[in-house]
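Each chain, letter by letter, is given below.
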There are 4 protein chains.
Amino acid sequence: MTKTIIGIMGPGEKATQQDLDIAYEIGKCAAEAGYTVMTGARPAGVMEAGLRGAKSAGGQTLGIIPSKNKAEASPYADIVVVTGLNSARNYINILTSDAIVACGAEAGTLSEIALAIKEKKHVVLVTQNKKAIDFLKELAPDFVHNVKNAAEAMQAVMKLLQTD
Amino acid sequence: MTKTIIGIMGPGEKATQQDLDIAYEIGKCAAEAGYTVMTGARPAGVMEAGLRGAKSAGGQTLGIIPSKNKAEASPYADIVVVTGLNSARNYINILTSDAIVACGAEAGTLSEIALAIKEKKHVVLVTQNKKAIDFLKELAPDFVHNVKNAAEAMQAVMKLLQTD
Amino acid sequence: MTKTIIGIMGPGEKATQQDLDIAYEIGKCAAEAGYTVMTGARPAGVMEAGLRGAKSAGGQTLGIIPSKNKAEASPYADIVVVTGLNSARNYINILTSDAIVACGAEAGTLSEIALAIKEKKHVVLVTQNKKAIDFLKELAPDFVHNVKNAAEAMQAVMKLLQTD
Amino acid sequence: MTKTIIGIMGPGEKATQQDLDIAYEIGKCAAEAGYTVMTGARPAGVMEAGLRGAKSAGGQTLGIIPSKNKAEASPYADIVVVTGLNSARNYINILTSDAIVACGAEAGTLSEIALAIKEKKHVVLVTQNKKAIDFLKELAPDFVHNVKNAAEAMQAVMKLLQTD
């Protein structure tokens, strides 16, 4: 009965249009596959795009916000978990996700990728940033799975969920 | 689109049959009214009874667990948020709830009642423990609402949600 | 080599002059006895009075603040631990204290007393609030030790530390 | 009166002899300069080596542990802050440090580097891992300061503390 949760991590205000498109698409595909989509819930960037994508397919969404104020969450989050923990909530994002997709590797997202590796959880890393790939693949070759687009990301997620 | 969340707090292993019956009934009524029911997610006591009640009415349930291990959550939690924060997660239970029902006032629940008062959030306290009522009503007369049973608890919750 | 830490909990802005006097005296006596004094570090109420007392005796002080901003800590805290966790930091106050003194039982302090009981840690409760005493002594007779003043509080702390 | 805290981050069990030597030396130099040295407090790797170095120079040490159990902290930590937050405590390590030295960039340390950058805090990164340097310097050129050894690390720390 417990839902499988796909966590989509990525930049807020600094997200590029490509980041947004990829996050939206992953959210949509994950919802179509029956998964609950989770993001950091702020009404910005990859966090909101992933939730919007999931809602476009009639999916269920979960947002875990860093602040104390539920009103600050994206309206695309069906269920809002309010932590009041600032960036310590990144750890909860990782523990809560059954599969983790990271769109890029800016500072906040990088902290989530690093915490995932520390917890021996797999991360599907959607980026073409060669330096990020080189470093993270060397750091954790068994846990970091680099892909180029939303379609490849969903394939990787599906494969990881079947293996677990 | 964002769901209203009714948080049901109460003892785990130490819950009495009456605690369990009340929590189940509140979970059931909250679900029938269209609310999402949240508890601390451990497969014990009030936490599980509240979730079971909600599921008996086809409702949606959210569990926020203290440990790092999703497998430790009650199977009656549709969505499991995994915190790894031990009892620091009690703060998240309070911030996440739009309305809070406390079944009794044992130590863990008392920490949640106290954090709710600190955050100026209302608590519907279902207990006949006279000493708890005397103390908590004096501590926070505007925020502690004592009731005797599940029916009164749901009435109080409804009234609080309409006022907010 | 590791220091024994006496945690002094109590109200901030709402503290009475008596609360402040008691917290100052406990901080002073704990420092004279060679203990490190810990409080919640905000520059107000019992938190600052306890630290000031300890510093008046040349003791060492530790402050654990809820906000992200070290500059918000009391200047009487030698060592400031910055949590950014808002009231979730109350749990850290409890886990960090080898002995816990609660001056009164208002909401924030009550959450700390409750978390201490939950963790099976002893609490020396300095209050003459009869309703608080009645309730908390019934809730946890083995862990709540009610005293009336600073001298009795230090006696109780000493006894608890010798037993541990 | 409030102490300046130098946080030394780095691997536990996976630390190399070189990591240990560098952490010890930085701890020693920081203590000689009058700073309090903070680490993650586990009795292993860079965490313990940094504390040992500081104690060898008669300095003051602070350890912030992830578990609930003070007995698990390194005996070289004078003051032990017990969080019970598992890896969410990494955020506290970063917020508490006035200057941050990262020995290497394995997963746990990387999460701390990333959280520091997110908070716009400077990180002195002691490593010769070219891929880590390339990526992190590109990610946050203004906040990541790469050095090769303990002497350079202390120079960089001193410079950062004077600028702040």
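Residues numbered from 1 in each chain as written. Chains lettered and ligands numbered in written order. Predicted model: local features only at pLDDT ≥ 70, side-chain atom pairs only at ≥ 80, totals over all residues. Heavy atoms only, no water.

A.B. asks: Would you take a moment to explain the interface of chain C and chain D for this structure?
C.D. replies: The extent of an interface is frequently quoted as the accessible surface area lost upon association of the parts. Tallying the contact residues gives 28 residues for chain C and 28 residues for chain D. Both sides together, the interface formed by chain C and chain D hides about 2300 Å², and carbon and sulfur atoms give 62% of it. Among the residues of chain C in contact with chain D, M1, K70 and I79 of chain C are the three that bury the most area, contributing 22% of the side total. Counting every contact that joins chain C to chain D gives four salt bridges. Across the pair K68 of chain C and E119 of chain D runs a salt bridge, and its minimum N-O distance is 3.0 Å. (Contact = heavy atoms within 4.5 Å. Buried area = accessible area lost by both parts, 1.4 Å probe. Salt bridge = Lys/Arg side-chain N within 4 Å of Asp/Glu carboxyl O.)

A.B. asks: What exactly am I supposed to notice about the sheet that holds strand β7 (residues 144–147) of chain D here?
C.D. replies: Sheet strands line up and pair through hydrogen bonds in the backbone, either parallel or antiparallel. All names here are of chain D. In space, the seven strands of this open sheet follow the order β4-β3-β2-β1-β5-β6-β7, with parallel pairing throughout. Whereas interior strands pair on both sides, the edge strands pair on one side only; in this sheet they are β4 (79–82) and β7. Recorded for the sheet is a direction-independent mean angle of 25° between the axes of neighbouring strands. Across four bridges, strand β5 (residues 99–103) lies against strand β6 (residues 123–126) in parallel orientation. Opposite I100, over in β6, you have V123 as the bridge partner. (Pairing = 2+ DSSP bridges. Helix = DSSP H or I, 4+ residues; strand = E, 2+ residues; numbered from the N terminus. Axes fitted to C-alpha atoms, helices over the stretch in contact; angles between N-to-C directions.)

A.B. asks: Which parts of the structure should I look at to understand empty space enclosed by the protein?
C.D. replies: To locate leftover empty space, one rolls a probe as large as a water molecule over the atoms. All told, the structure shown has one cavity of 30 Å³ or more when counted by the stated rule. The computed volume of the largest cavity comes to approximately 40 Å³. Lining the largest cavity we find S87, A88, N90, Y91 and L115 of chain A together with S87, A88, N90, Y91 and L115 of chain D. Elements with a minimum of two residues in the lining of the largest cavity: α3 (89–96) of chain A together with α3 (89–96) of chain D. Across the lining of the largest cavity, the residue classes tally to six nonpolar, four polar and no charged. (1 Å grid on protein atoms, 1.4 Å probe; cavity = no way out; pocket = protein on both sides within 12 Å on 5 of 7 lines; lining within 4 Å. Points joined across faces, edges and corners; volume = space filled by probe spheres on them. Nonpolar A, V, L, I, M, F, W, Y, C, P; charged D, E, K, R; others polar.)

A.B. asks: Looking at this structure, I do not really get the side chain of S67 of chain C. What am I missing?
C.D. replies: Residue and element names in this part refer to chain C. Position of S67 relative to the elements: it lies in the loop between β3 (61–65) and β4 (79–82). The class for S67 is buried, based on a relative accessible area of 17%. At 3.1 Å, the side chain of S67 and the backbone nitrogen of N69 are in polar contact. A distance of 2.8 Å separates a polar atom in the side chain of S67 from a polar atom in the side chain of E72. Residues within four places of S67 in sequence aside, it is in contact with E72, V82, T83 and G84. (Buried < 20%, exposed > 50% of the residue type's maximum accessible area, 1.4 Å probe, protein only. Polar contact = N/O pair within 3.5 Å; in protein donor to acceptor, adjacent residues only side chain to side chain.)

A.B. asks: Whenever I open this one, the relation of the copies chain C and chain D confuses me. Can you help?
C.D. replies: Superposing the two chain copies requires a rotation about an axis and a translation along that axis. Screw-axis analysis of chain C against chain D gives a translation of 0.0 Å along the axis, an RMSD of 0.0 Å, and a rotation angle of 180°. Here the transformation between the copies is reduced to the relation of a two-fold axis. Across chain C, the rotation axis passes nearest the C-alpha of V81 of chain C, at a separation of 4.2 Å. A share of 100% of the interface residues of chain C reappears at the interface of chain D, consistent with the copies meeting face to face through the same patch. (Least-squares fit on C-alpha atoms with pLDDT ≥ 70 in both.)

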